[in-house]
Amino acid sequence: MCGITACIGTADSVDPLMSGLKRLEYRGYDSAGLAVKGQDGLSLTKRVGEVSELASAVEQDSLDGTFGIGHTRWATHGGVTNENAHPHTDESGNIAVVHNGIIGNFQSLRTELEANGHVFSSETDTEVVPHLIEESLRDGATPEEAFRSAVGRLSGTYALAAIIGDEDAIFATRSGSPLVLGIGDGEYFLASDVPAFIPYTDRVVYLHDGDFVVTTRDGYTISDAAGRPVDRSVETVDWDPETATKGGYEHFMYKEIHEQPGALRRTIHGRLNPLSGGVELEEFPSGTFADVRQIHLVAMGTSHHAGMYAASLLSALDIPAFPFMAGEYAVTVPPVTPGTLVIAVSQSGETADTLDAVRRARAAGAKTLALTNVVGSSITRECDDELLIRAGPEIGVAATKTFSSQVTALTLLAERIVEDVTGTASTDAAEIIDALSRLPGDVQEILDTSTSRDVAAEYQDSDAYFFIGRGVAHPVALEGALKFKEISYEHAEGFAASELKHGPLALVTPFTPVFAIFTGKEDEATLSNVKEVQARGAPVIAVTSDRDGEIAEFADHVLSIPETHPDVAGILANVQLQLVAYHAAKLLDRPIDKPRNLAKCVTVE
Ligand code: G6P
């Protein structure tokens, strides 16, 4: 959702900026643009549509400059038009600004600026920024002072990068939206996310809210709002550029589905102790969670389904655990009593609703723990503790490998919590540890043998697609349906199998295939639901390890998963459903990595 890229110090700025925009495409966008500064001053090109369309326009305009800023826009204020695309400028055309986030008080600022004679050329909230900078410059401020003063007037969330007047510098800041600084050899980059500049450098500074950065060809400074220098460490990321590209696969999503064995190996690495049959989390030594009395899991989208999965595991182990859609956390006002642990699950660590839920939880006195994929993301700073899922960069908008890694990490965490709270490992701990150690290999077996493409082809012309499951298979059913609808644009819904008779069954016809997920727990009850839908003529696709038994006998198709512990089986079943969704979308020729209207990272509420 909106991507920022900027560079200074490179021989030419257009190539790194364009490659940065291409690499930020996964965030979701509907227009793109860039502004570069060269001998002829500031030049700017922006276009509705794909980055490739912007690239042609940039070539046509012969854009040339030694430093610049770029942006992919996901519309929030104002329609999808060339005028509303970023960068935005003032009337003089000498200031250019890119922005990610929402400026809450833009309307009053705009009214004030218009009264002072400023003429706006877009409907965006962002455009107030270059005009505010221009006002300060007019009052005699230096470019840096003008930038700081403009930012000081803003409320809301923002990451901003600006080129101002004749200064050979990029000015940037963040508050509530991500921004990272890349440090090359005499070259400096700014971006919403590391993959934007990974071909140029792997040295990164994760900026904090309130940091101001000034980058020139000679270096960079980071200071706080009052101008006091702040010290931020330079970290080296271990992503090779190939990890952030398709590496021979047609789509990022397919590549990421296939990366799951490796991602899972990293998630569990050093965290399982097969000898003791226990969990070893370096971050959380034994006893850390002894005081926990209840758990709230807050998250959105796929991460919410991982949270539901974990809540189901914890509840079954007598730890009261409740999943909340983070965006609803404020409204549902759950009681935060002493001993409440709030686990915020977020791949990106930047989802606005999830960050808001964390702030509310902290204000209510809860202890907070971030479960995320992104080192240094906002959520890691807002929470008391963090547990990284280590899945590696995920670019496809539809989350795949991160769900598997989230559920795996949450399963480990659940075991640690149960052990701390009750004083003993859960009854099945050793079996679960064993199942998790086999998980990467089991996922590989599915990837090697899945018949999901045939299933997708056979039911290609259906009216709708339903997914049912019980216990941990319920969130897997929801996730299966989410993946399917996100990328195929077909109507897909997930239900608790028990819910079927209470409404959804009215929708079931011979043209609505039903995917039924079996984990080995409560299979009999789910099988009776299967019989109910079959009696209405619906084809049934069973996702199960029961290849020859009763389930296979009743199903029209079986998507097979290796035998494992029921608590882990949901992760395997989900891989089959990821593949079904992928093949269905591919058969329909959908833009799989960038589904319409969706963004990888939703940084507005
Ligand atoms: C968006 C993405 C989903 C993701 C959700 C939560 O909706 O399209 O794939 O699950 O945000 O994102 P997070 O980064 O917090 O896991």
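Above this text is the structure in question.
Residues numbered from 1 in each chain as written. Predicted model: local features only at pLDDT ≥ 70, side-chain atom pairs only at ≥ 80, totals over all residues. Heavy atoms only, no water.

(A) Local environment of the overall build of the chain. The secondary structure content of the chain amounts to 18 helices and 26 strands. Relative to the 2.2 N^0.38 estimate, which gives 25 Å for 605 residues, the radius of gyration of the chain is 25 Å and therefore close to what a compact globule would have. With the principal axes as the frame, the chain shows a C-alpha extent of 80 × 55 × 45 Å. Looking at the chain as a whole, 59% of its 605 residues qualify as buried. Considering only residue pairs separated by 6 or more positions, the chain has 70% of its internal contacts joining residues 24 or more positions apart. As presented, the chain carries roughly 22,100 Å² of accessible surface, and 48% of it is formed by carbon and sulfur atoms. Both charge centroids of the chain, one from 45 positive and one from 88 negative side chains, sit 1 Å from each other. (Helix = DSSP H or I, 4+ residues; strand = E, 2+ residues; numbered from the N terminus. Rg over C-alpha atoms; globule rule 2.2 N^0.38 Å. Buried < 20%, exposed > 50% of the residue type's maximum accessible area, 1.4 Å probe, protein only. Contact = heavy atoms within 4.5 Å. Areas by Shrake-Rupley, 256 points an atom, 1.4 Å probe, with all protein chains shown as cover. Lys, Arg positive; Asp, Glu negative; His and termini not counted. Charge placed at Lys NZ, Arg CZ, Asp CG, Glu CD.)

(B) Looking closely at the site of the ligand. In the vicinity of the ligand there are 13 residues, among which Ser 303, Ser 346, Gln 347, Ser 348 and Thr 351 approach most closely. Ser 303 places a polar side-chain atom, nitrogen or oxygen, 2.5 Å from an oxygen atom of the ligand. With respect to the ligand, the side chain of Thr 351 contributes an N or O atom lying 2.5 Å from an oxygen atom. When the ligand sits alone it has 390 Å² of accessible area, and the protein chains cover 90% of it. (Near = heavy atom within 4 Å. Polar contact = N/O pair within 3.5 Å; in protein donor to acceptor, adjacent residues only side chain to side chain.)

(C) The pattern of salt bridges, seen in detail. If you walk through the whole model with that rule in mind, you get 31 salt bridges. A salt bridge links Arg 359 to Glu 382, with the nearest nitrogen and oxygen atoms 2.9 Å apart. On the criterion of sequence distance, the pair formed by Arg 359 in helix H10 (residues 352-363) and Glu 382 in helix H11 (residues 378-382) is long-range, its members being 23 residues apart. With a closest N to O distance of 3.6 Å, Lys 531 and Glu 550 form a salt bridge. One end of the pair, Lys 531, is in helix H16 (residues 523-535); the other, Glu 550, is in helix H17 (residues 550-554), with 19 residues separating them in the sequence. Given the relative accessible area of 34%, Lys 531 is considered partly exposed. For Glu 550, a relative accessible area of 42% corresponds to the partly exposed category. Salt bridges here are not isolated pairs; linked through shared partners, they connect Lys 22, Glu 25, Glu 50 and Lys 594. (Salt bridge = Lys/Arg side-chain N within 4 Å of Asp/Glu carboxyl O.)

(D) Helix H5 (residues 143-152), seen in detail. Among the residues making up H5, those that are buried are Pro 143, Ala 146, Phe 147, Arg 148, Ala 150 and Val 151. Residues of H5 that are buried make contact with helix H4 (128-138), strand E7 (156-164), strand E8 (170-175), strand E12 (212-216) and strand E13 (219-223).

(E) Here's a closer look at empty space enclosed by the protein. Under the criterion given, the structure shown has three cavities of 30 Å³ or more. Within this model, the largest cavity holds a volume of roughly 70 Å³. Val 455, Ala 456, Tyr 459, Gln 460, Tyr 465, Phe 484, Glu 490, Phe 515, Val 580, Ala 584 and Leu 588 together form the lining of the largest cavity. Of all the secondary-structure elements, those providing two or more residues to the lining of the largest cavity are helix H14 (452-458) and helix H18 (566-587). Here the residues of the lining of the largest cavity sort into nine nonpolar, one polar and one charged. If you add up the space inside the second largest cavity, you get close to 60 Å³. (1 Å grid on protein atoms, 1.4 Å probe; cavity = no way out; pocket = protein on both sides within 12 Å on 5 of 7 lines; lining within 4 Å. Points joined across faces, edges and corners; volume = space filled by probe spheres on them. Nonpolar A, V, L, I, M, F, W, Y, C, P; charged D, E, K, R; others polar.)

(F) Molecular detail of the sheet that holds E7. Taken in spatial order, the six strands line up as E5-E6-E7-E8-E12-E13 in an open sheet, and their pairing is antiparallel. If you trace the sheet from one side to the other, it starts and ends with strand E5 (88-89) and E13, each paired once. Two strands pair when backbone bridges link them, and E5 and strand E6 (residues 95-103) are joined in this way by two bridges, in the antiparallel orientation. Residue pairing across strands places Thr 89 opposite Ala 96, the latter belonging to E6. Across the sheet, H4 is in contact with E5, E6 and E7; its angle to E6 comes to roughly 130°. (Pairing = 2+ DSSP bridges. Axes fitted to C-alpha atoms, helices over the stretch in contact; angles between N-to-C directions.)

(G) Quick look at the packing of helix H13 (residues 429-449) against H18. Between H13 and H18, the shortest axis-to-axis distance is 9 Å and the interhelical angle comes to 15°. Judged by the angle between their axes, H13 and H18 are roughly parallel. Once H13 is placed against H18, the crossing between them reads as right-handed. In contact with Ile 432, Ala 435, Leu 436, Leu 439, Asp 442, Val 443, Ile 446 and Leu 447 of H13, H18 contributes Asp 567, Val 568, Ile 571, Leu 572, Val 575, Gln 576 and Leu 579. Here the residues of the contact of H13 with H18 are counted per class, giving 12 nonpolar, one polar and two charged. (Parallel < 35°, antiparallel > 145°, perpendicular 65-115°, else oblique. Left-handed = near helix turned anticlockwise from the far one by under 90°.)

(H) Spotlight on the packing of aromatic side chains. Per the stated rule, a full pass over the model turns up 13 aromatic pairs. When the centroid spacing of 6.1 Å and the interplanar angle of 75° are considered together, the rings of Tyr 249 and Tyr 254 count as edge-to-face. For Tyr 249, a relative accessible area of 32% translates into the label partly exposed. Judged by relative accessible area, Tyr 254 falls into the partly exposed class, the value being 22%. When the ring of Phe 467 is compared with that of Phe 515, the centres are 4.8 Å apart and the planes differ by 10°; the resulting orientation is stacked. Separated by 48 residues along the polypeptide, Phe 467 in strand E22 (residues 465-469) and Phe 515 in strand E24 (residues 514-517) bring together distant segments of the chain. The two residues Phe 467 and Phe 515 agree in class, both being buried. The residue whose ring lies beneath Lys 531 is Phe 554, and the NZ or CZ to ring-centre distance is 4.5 Å. Here Arg 596 stacks its cationic end above the ring of Tyr 489, 3.9 Å away from the centre of that ring. (Phe/Tyr/Trp six-rings, centres within 6.5 Å; stacked < 30°, edge-to-face > 60°. Lys NZ or Arg CZ within 6 Å of the ring centre and 35° of its normal.)

(I) Here's a closer look at the side chain of His 565. With respect to the helices and strands, the residue His 565 is situated in the loop between strand E26 (557-560) and H18. Among the residues examined, His 565 registers a relative accessible area of 10% and is labelled buried. Reaching out from His 565, the side chain makes a polar contact with the side chain of Asp 428 at a distance of 2.8 Å. In this structure His 565 touches Asp 428, Glu 431, Ile 432 and Ala 435, once residues within four positions along its chain are discounted.

(J) Region of interest: the sheet that holds strand E11 (residues 203-206). Strand order across the open sheet formed by eight strands is E3-E2-E4-E1-E10-E9-E11-E14, with antiparallel pairing between neighbours. Only two strands of the sheet have a single partner each, and these edge strands are strand E3 (41-48) and strand E14 (235-236). Relative to strand E10 (residues 188-191), strand E1 (residues 3-8) runs antiparallel, the two sharing four bridges. Among the inter-strand pairings, Ile 8 is bridged to a residue of E10, identified as Tyr 188. Its contacts with the sheet put helix H2 (residues 51-60) on strand E2 (31-38), E3 and strand E4 (67-73), and the angle it makes with E3 is roughly 140°.

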